[in-house]
2 protein chains.
Amino acid sequence: MADASKKSKKILTNPLSGFMELLPAEQILFNSMAQTIQKNYELYGFSPLDTPVLERAEVLLAKAGGDTEKQIYRFTKGDTDLAMRFDQTVPLARFVANNYSKLTFPYRRYVIAKSYRGERPQAGRFREFYQADIDVIGDTDLSLQYDGELPSIIYSVFTELGFDRFTIFINNRKIIQGVFEALGVMDQSKPITQSIDRLDKIGTKGVKTQLEDMALTKEVIDALFSFVSIKGTSDDMLTQLENMPVNSELLSEGIEDLRTVLAIIRKLGVPEEFFQVNFSIARGLDYYTGTVYETRLDDCPEIGTICAGGRYEDLASSYTERKLPGVGMSIGLTRLFDQLLLRGLIKSGSSSTSKVLIVPLMDNLAKSLEIASALRKAGISTEVSYVQGKMDKKLKYATKLGIPYALFVGEDEVANGLYGLKDLEKRSQTELTLEGIVEALQKEKA
Amino acid sequence: MADASKKSKKILTNPLSGFMELLPAEQILFNSMAQTIQKNYELYGFSPLDTPVLERAEVLLAKAGGDTEKQIYRFTKGDTDLAMRFDQTVPLARFVANNYSKLTFPYRRYVIAKSYRGERPQAGRFREFYQADIDVIGDTDLSLQYDGELPSIIYSVFTELGFDRFTIFINNRKIIQGVFEALGVMDQSKPITQSIDRLDKIGTKGVKTQLEDMALTKEVIDALFSFVSIKGTSDDMLTQLENMPVNSELLSEGIEDLRTVLAIIRKLGVPEEFFQVNFSIARGLDYYTGTVYETRLDDCPEIGTICAGGRYEDLASSYTERKLPGVGMSIGLTRLFDQLLLRGLIKSGSSSTSKVLIVPLMDNLAKSLEIASALRKAGISTEVSYVQGKMDKKLKYATKLGIPYALFVGEDEVANGLYGLKDLEKRSQTELTLEGIVEALQKEKA
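Residues numbered from 1 in each chain as written. Chains lettered and ligands numbered in written order. Predicted model: local features only at pLDDT ≥ 70, side-chain atom pairs only at ≥ 80, totals over all residues. Heavy atoms only, no water.

Moving on, we get to the pairing of strand β11 (residues 326–332) of chain B. Residue and element names in this part refer to chain B. For β11, the buried fraction is high: 6 of the 7 residues fall into the buried class. Where strand β6 (residues 128–137) meets β11, 7 bridges bridge the pair, whose relative direction is antiparallel. If you follow Ile 137 over to β11, its bridge partner there is Gly 326. When strand β10 (residues 305–312) meets β11, the two strands line up antiparallel, connected through 5 bridges. By the bridge assignment for β11, Gly 310 is matched with Gly 328. (Buried < 20%, exposed > 50% of the residue type's maximum accessible area, 1.4 Å probe, protein only. Helix = DSSP H or I, 4+ residues; strand = E, 2+ residues; numbered from the N terminus. Pairing = 2+ DSSP bridges.)

This next bit is on the packing of helix α6 (residues 173–183) of chain A against helix α7 (residues 189–197) of chain A. Residues and elements named next belong to chain A. As a packed pair, α6 and α7 sit with axes 11 Å apart at the nearest point and diverge in direction by 125°. Classified by the interaxial angle, the pair formed by α6 and α7 is oblique. When the axes of α6 and α7 are compared, the crossing they make is right-handed. Together, Arg 173, Ile 176, Gln 177 and Phe 180 of α6 and Ser 189, Ile 192, Thr 193 and Ile 196 of α7 make up the contact between the two elements. Here the residues of the contact of α6 with α7 sort into 4 nonpolar, 3 polar and 1 charged. (Axes fitted to C-alpha atoms, helices over the stretch in contact; angles between N-to-C directions. Parallel < 35°, antiparallel > 145°, perpendicular 65-115°, else oblique. Left-handed = near helix turned anticlockwise from the far one by under 90°. Contact = heavy atoms within 4.5 Å. Nonpolar A, V, L, I, M, F, W, Y, C, P; charged D, E, K, R; others polar.)

The next point concerns the interface of chain A and chain B. Taken together, the contacts link 102 residues of chain A with 99 residues of chain B. Both sides together, the interface formed by chain A and chain B hides about 8,700 Å², and carbon and sulfur atoms give 59% of it. At the surface where chain A touches chain B, the tally comes to 8 salt bridges. Taking the shortest distance from any N to any O, the salt bridge between Arg 108 of chain A and Glu 383 of chain B comes out at 3.7 Å. The dominant element in the side of chain A that touches chain B, judged by the number of residues it contributes, is helix α1 (residues 24–43) of chain A, at 6 residues. When its residues are assigned to classes, the side of chain A that touches chain B shows 50 nonpolar, 29 polar and 23 charged. (Buried area = accessible area lost by both parts, 1.4 Å probe. Salt bridge = Lys/Arg side-chain N within 4 Å of Asp/Glu carboxyl O.)

Attention now goes to the pattern of salt bridges. This model, assessed by the stated rule, comprises 50 salt bridges over all chains. A salt bridge links Arg 94 of chain A to Glu 55 of chain A; its shortest N-O distance comes to 2.7 Å. With a gap of 39 residues between them, Arg 94 of chain A in helix α4 (residues 89–98) and Glu 55 of chain A in strand β2 (residues 54–56) connect regions that are remote in the sequence. Accessibility assignment for this pair places Arg 94 of chain A and Glu 55 of chain A in one class, buried. Taken together, the shared-partner salt bridges in this structure form one network comprising Arg 108 and Glu 149 of chain A together with Arg 376 and Glu 383 of chain B.

Right, let's get into the sheet that holds strand β15 (residues 419–423) of chain A. Residues and elements named next belong to chain A. As summarised here, the arrangement of the 5 strands in space is β13-β12-β14-β15-β16, forming an open sheet in which the pairing is mixed. The outermost strands of the open sheet, each flanked by one partner alone, are β13 (382–384) and β16 (428–432). With direction set aside, neighbouring strand axes in the sheet form an average angle of 25°. In this structure, β15 lies alongside β16, joined through 5 bridges in antiparallel fashion. Across the sheet, the residue bridging to Asp 423 is Ser 428, located in β16. With respect to the sheet, helix α13 (residues 366–377) is in contact with β12 (356–360), β13, β14 (405–409) and β15, its orientation differing from that of β13 by roughly 170°. Across the sheet, helix α14 (residues 391–401) touches β12, β13 and β14, and the angle it forms with β12 is around 170°.

Residues and elements named next belong to chain A. A cis amide bond links Phe 105 with the next residue in sequence, Pro 106, at an omega value of -5°. As for its position among the elements, Pro 106 is in the loop between α4 and β5 (107–116). Of note in this structure, Ala 215 is not a glycine but carries a positive phi near 65°. Checked against the element boundaries, Ala 215 lands in the loop between α8 (199–213) and α9 (218–228). One non-glycine residue with positive phi stands out, namely Arg 427, at about 60°.

Here it is in structure tokens:
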């Protein structure tokens with residue numbers, strides 16, 4: 001196909017549908033969000049993991065079913081049945097099982113990377129998407145303290161991302177299961193949980209209809225509704241639940257666990273208005289067995305869950321006989337970024353990483369290049385204008401990219417050691433020594 | 001497959017052959033190398049680009065042939081013919097063609113991301129590999145200054161990665177082509193170039209045999225060898241070349257271009273011992289048309305090229321009628337990391353990002369968690385030990401992970417405000433106030 005370049009009909013250049021591709025300004029914003037998340041994960045002592053995008057299909061599909069099997073990108077090369085990972089949890093399970101003897105437990109890992117699902121294209125859904133996950137994996141057992149630590153990380157992350165009104169909703173699957181046990185509907189716990197989990201989406205009436213369809217008695221349905229309708233402060237809710245005429249050991253255990261988790265969250269300094277018990281939070285996934293979390297933006301509930309997770313009793317049962325309980329959470333970064341941008345809740349700035357464009361005013365570039373090196377050594381991102389032409393053209397390059405400063409280096413400047421630093425937004429210019437410029441731009445950076 | 005967990009035969013848990021997967025200590029080291037590269041790319045004002053891993057197969061294969069077509073991971077989903085990218089240049093070309101009107105030229109982009117090639121598995125070759133690329137793309141034309149800037153970036157990157165002896169070899173394809181023109185063997189330029197490019201691998205004798213097989217005259221072969229055998233300082237070599245009895249306009253242009261590039265490199269402060277003209281550097285790829293680079297470690301030539309690139313006249317001819325010349329270079333990060341680790345040239349350190357493990361000495365965790373929050377606010381990665389059991393067990397966790405410090409928080413400590421900070425390597429302990437601890441650990445971090 002060496003003559004493709006000569007064809008007049010060119011190949012389509014848009015990215016595949018469902019694949020996010022950002023222009024420089026947005027990519028810079030996306031990366032800065034990812035970096036804030038990474039920094040916070042590392043501040044809590046999580047170590048990075050980077051598993052391959054491709055796995056043996058049998059590894060990825062060991063526990064998968066339904067939608068996942070339909071959506072997975074799977075193919076053969078040679079005689080290997082391959083697939084692209086659809087989340088970060090299954091590769092984590094394989095990795096931990098494979099390296100059990102080399103890891104130190106509790107194993108704390110973070111990952112910020114892409115996964116793939118060939119979903120039907122629709123607004124807000126991506127076939128290639130970043131997840132920013134953390135998980136703590138224990139060997140045989142794992143203290144409930146970790147369940148309390150995770151919300152404090154969520155709080156740190158979203159606060160530093162600039163959100164000041166969000167709520168981490170917390171529940172414990174044992175509470176839900178315990179209520180079912182007390183009501184004698186344990187055998188229908190799965191459809192009931194799924195139905196309750198949709199309360200926010202289909203409303204009280206929708207859930208009621210679904211529960212009636214399961215042939216539950218009016219008394220049971222009423223009890224379920226008084227359970228999920230419990231409102232108030234987190235502590236009040238737990239007291240109200242205890243006072244309900246439902247009792248089971250599992251329920252008491254769930255209440256006790258949730259109280260412990262709430263106490264840790266408070267001790268870690270998460271302000272009261274950022275977390276809230278919510279008995280209707282169940283999380284669709286089967287494998288959560290204890291604490292469950294869902295975080296939403298208070299002023300943008302329509303975005304839905306921006307971060308979710310919980311406690312699971314056995315991470316890697318498909319790959320090892322060892323019991324590896326864990327607790328984790330995931331930020332769907334691609335979707336979150338898309339929604340925030342769409343609603344104007346974040347705004348991209350500069351299209352360049354450069355803080356300053358050096359504009360040589362003479363043929364001899366030497367001094368400009370020397371200054372560029374000095375600025376970079378001081379940690380200031382610097383570009384030199386090599387574009388031929390008029391001053392206007394050079395400055396237009398900088399303003400189009402959003403480079404905040406231009407620095408002029410001419411013969412007079414070199415002779416007297418004072419250079420013109422122009423603030424391209426304010427359109428003001430100051431004459432400074434090289435040291436003065438470094439100082440001014442370093443201040444700008446912070 | 002929900003009962004997979006009950007099967008006694010477990011699924012294989014090793015990653016696919018040819019896919020790198022690192023344990024925490026090595027991953028931390030890998031990430032710090034990647035971060036150093038990224039920081040330097042940004043210091044030179046390159047902006048990030050993150051294209052999808054999956055593309056339409058026709059996009060990726062527009063110009064590919066031979067090995068690439070054989071190695072590419074290609075498959076269909078629904079009725080889409082898909083493939084995983086095999087480099088970062090083809091997606092860049094598609095992106096620039098697609099967003100031409102939205103980009104500001106010269107467009108400077110960096111990318112540090114994975115590509116895929118289903119190569120035959122062999123030592124040092126990876127099927128999934130990181131490339132850390134930069135490219136500057138011009139609209140219609142692009143000043144030679146950029147060709148001189150790239151080696152200064154290579155110099156910054158590798159110096160900061162801790163290498164003190166490496167050489168950036170530089171040549172210009174016009175010089176090679178010009179010599180061929182002068183010798184009247186322009187029609188065989190491709191096989192001759194490919195042969196000369198292998199000089200380091202197959203030696204003088206091997207190249208001679210290949211050239212003889214092309215039915216070149218003894219005079220031409222001798223002239224080619226006296227050309228590639230020119231040695232000396234970069235400037236001497238250019239003078240010697242000018243004094244050779246070969247002349248062509250292209251050759252003169254190449255010499256002139258190379259002189260300009262050398263001058264820029266010097267002005268950007270790259271010390272003389274880090275770059276060197278080498279007339280045998282041709283780069284196998286067809287699309288380089290001017291400056292070409294290859295960087296090697298002086299003390300480890302067997303690692304081969306650790307960074308390579310050059311100037312091309314037309315980036316995106318498969319996708320657009322516009323002429324988009326560029327100059328770029330690529331670090332094969334996965335292979336480089338593997339080789340450096342294998343040869344003991346880099347060593348992994350801690351398996352944890354934590355700088356300190358807080359060990360609560362009493363039942364009441366409150367103060368420990370409060371101190372953890374304070375340390376994290378000061379930018380110090382901190383973990384709290386929630387593991388039950390003896391002190392030994394808790395400290396073993398820290399030493400196994402390589403966490404450098406343990407901080408003890410007991411009732412006495414809380415009462416008098418002095419906490420024991422233990423250096424786990426030196427096994428020494430000092431009593432400090434919280435402010436003192438922050439200061440000590442921040443110093444440690446730097």
